[in-house]
Amino acid sequence: MTAASRFAPKPPWLKVRAPGGDTYHHLKQTFRELDLHTVCEEARCPNVGECWREGTATVMLLGDVCTRGCRFCAVTTGNPRGAVDTREPEHVARAIARLDLQYVVMTMVNRDDLLDGGAEHVGRTVQRLKSLRPDILVETLVGDFCGHLSAVDTVVDARPDVFAHNVETIRRLTRTVRDVRSSYDQSLAVLERAKARARAQGIEGQLTKSSIMVGVGETDDEVVETMRDLRGVGVDVVTIGQYLRPTPKHHEVLRFVPPETFARYEEEALAMGFLYAASGPLVRSSYRAAEVFLRSLLRGKGGEGGDVQAELDARLDVARREAARVALELGSPSSVEIPLGARSEAAGLVPAASLVRR
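Residues numbered from 1 in each chain as written. Predicted model: local features only at pLDDT ≥ 70, side-chain atom pairs only at ≥ 80, totals over all residues. Heavy atoms only, no water.

In the annotation of an unreviewed UniProt entry, the protein chain is listed under the name Lipoyl synthase and assigned to Polyangium jinanense. In its Pathway (unreviewed entry) section, UniProt records this for the protein chain: "Protein modification; protein lipoylation via endogenous pathway; protein N(6)-(lipoyl)lysine from octanoyl-[acyl-carrier-protein]: step 2/2." (UniProt positions renumbered as here; feature names shortened; annotations may be inferred.)

Asks: A description of the overall build of the protein chain should follow, citing residues and the corresponding values.
Replies: The helix and strand tally for the protein chain stands at 12 helices and 11 strands. Counting all 358 residues of the protein chain, 52% fall into the buried class. Within the protein chain, contacts between residues separated by at least 24 positions form 77% of all contacts whose residues are at least 6 apart in sequence. (Helix = DSSP H or I, 4+ residues; strand = E, 2+ residues; numbered from the N terminus. Buried < 20%, exposed > 50% of the residue type's maximum accessible area, 1.4 Å probe, protein only. Contact = heavy atoms within 4.5 Å.)

Asks: Please set out the nonpolar core residue by residue, giving values where relevant.
Replies: One finds Leu62, Ile96, Met106, Leu129, Phe145 and Phe163 to be the most contacted residues of the largest nonpolar core, which totals 38 residues. For this core, the secondary-structure elements that each account for two or more residues are strand E1 (56-61), helix H4 (88-97), strand E5 (103-108), helix H5 (119-132), helix H6 (149-157), helix H8 (184-200) and helix H12 (308-330). For this core, the element with the most residues is H5, which contributes five residues. Ignoring any residue separated from it by four or fewer positions in sequence, one finds Leu129 in contact with Ala93, Ile96, Ala97, Val104, Met106, Ile136 and Val138. Counting 20 residues, the second largest nonpolar core, distinct from the first, contains Tyr184, Leu188, Ala269 and Ala277. (Core = buried A, V, L, I, M, F, W, Y, C linked by side-chain atoms within 4.5 Å.)

Asks: Outline the packing of H8 against helix H9 (residues 220-232), supporting the account with residue identities and numerical values.
Replies: Here H8 crosses H9 at 35 degrees, and the two axes come no closer than 10 Å. In this structure, H8 uses Tyr184, Leu188 and Leu191 to contact H9, whose residues at the interface are Glu225, Thr226, Asp229 and Leu230. Within the contact of H8 with H9, the residues separate by chemical class into four nonpolar, one polar and two charged. (Axes fitted to C-alpha atoms, helices over the stretch in contact; angles between N-to-C directions. Nonpolar A, V, L, I, M, F, W, Y, C, P; charged D, E, K, R; others polar.)

Asks: Any chance you could break down the packing of aromatic side chains for me, citing the residues and the numbers?
Replies: As enumerated under the stated definition, the model contains two aromatic pairs in all. A ring pair is formed by Phe262 and Tyr265, whose centres lie 5.8 Å apart and whose planes are at 85 degrees; its orientation type is edge-to-face. Placement of both Phe262 and Tyr265 in helix H10 (residues 259-272) is noted, with a separation of three residues, approximately one turn of the helix. Just as Phe262 is buried, Tyr265 falls in that class too. One Lys or Arg, Arg231, reaches over the ring of Phe274 and ends 5.8 Å from the middle of that ring. (Phe/Tyr/Trp six-rings, centres within 6.5 Å; stacked < 30°, edge-to-face > 60°. Lys NZ or Arg CZ within 6 Å of the ring centre and 35° of its normal.)

Asks: How would you summarise H8 if you had to cite specific residues and measurements?
Replies: With 17 residues, H8 should cover 24 Å at 1.5 Å per step; its first-to-last C-alpha distance of 25 Å lies within 8% of that length. Among all positions in H8, only Tyr184, Ser187, Leu188, Val190, Leu191, Ala194, Lys195 and Ala198 are buried. Within H8, the buried residues cover an arc of 155 degrees as seen down the axis, which keeps them to one side. Against the buried residues of H8 lie H6, strand E7 (162-164), helix H7 (174-177), strand E8 (207-214) and H9. Sitting at the amino-terminal end of H8 is Ser183, which places a side-chain oxygen 3.3 Å from the backbone nitrogen of Asp185. Directly beyond the C-terminal end of H8, a positive phi value near 70 degrees is found at Gly202. (Expected span 1.5 Å × (residues − 1). Arc of directions from axis to C-beta. Polar contact = N/O pair within 3.5 Å; in protein donor to acceptor, adjacent residues only side chain to side chain.)

Asks: Break down unusual backbone geometry for me, citing the residues and quoting the values.
Replies: One non-glycine residue, Leu62, lies in the positive phi region at around 70 degrees. Mapped onto the secondary structure, Leu62 falls in the loop between E1 and strand E2 (65-66). Of note in the backbone geometry, Arg159 takes a positive phi value of approximately 65 degrees without being a glycine. For Arg159, the position within the fold is in the loop between H6 and E7. Arg159 sits in the partly exposed class, given a relative accessible area of 45%.

Here you go:
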């Protein structure tokens, strides 16, 4: 294979219109007013317009410095030294609850400097948002917590509707593409534990989800093998998309996979028993997550998908009503008071020695 230059013309199937429309611009302005930054914008996701129109957005928790240094990812690598904004779960929950969203993805940087990897922080955010907006669907897209499965339990027990962790690539390329502290088998173990914990706790309907990026040197057979491994640990939903190089310092693109190959991946995934597979050049792990969730849910109940668009529209109507109710109850964002227990010096940044992994 020959590397595809970052500056070479991309195939026509990778070109999309710039996002726009009333819903997009309204949400963009509201995110800024609430001091809420989305991964959709910061990662320049090509699907931001589609997802925001259906009422789906992805927010990042636990700061913007990751303790890992994966070769495909543009997030800043460093050591946060245990700094945690203790106000974040309350602030994020209140901010999202005011928005016309029916589905939110809460993702996170890897926080190997914290004893639980940030699991309790994520769990508190989920629980607080659910208490304000019981109608909203929540997906947690988390790291591997260094293989500490008790941290997986913490997130599962917060009862997100979807527990997601990305295996990212095939087994052979894991050490090349991901940080050395990441492991293919460790990722499978995290996903398997999430499914087992939900069953043990009697949590009905919680889906597990993972994502594979292609174009980094894998073969089609290896992609199918990875899907088979994911299905073997009980993963319900898989997404597959084209890797695009963020900067010349990152891993090169070794091939642009054509749409017909993505269609074959999807056929293979459904034949394996996945409830749903989103597979396409522009698909990302949170691609149209509300639609993916609903189609998976309907398929899991023995349906063939039903009128998903009608269901999405109905849920979005409910989300708008509920967002208006919460906004009325909580008042303007500037009037929000942080609970006394969450106050601290240095604007809530706590070098929590008891939480830091030495």
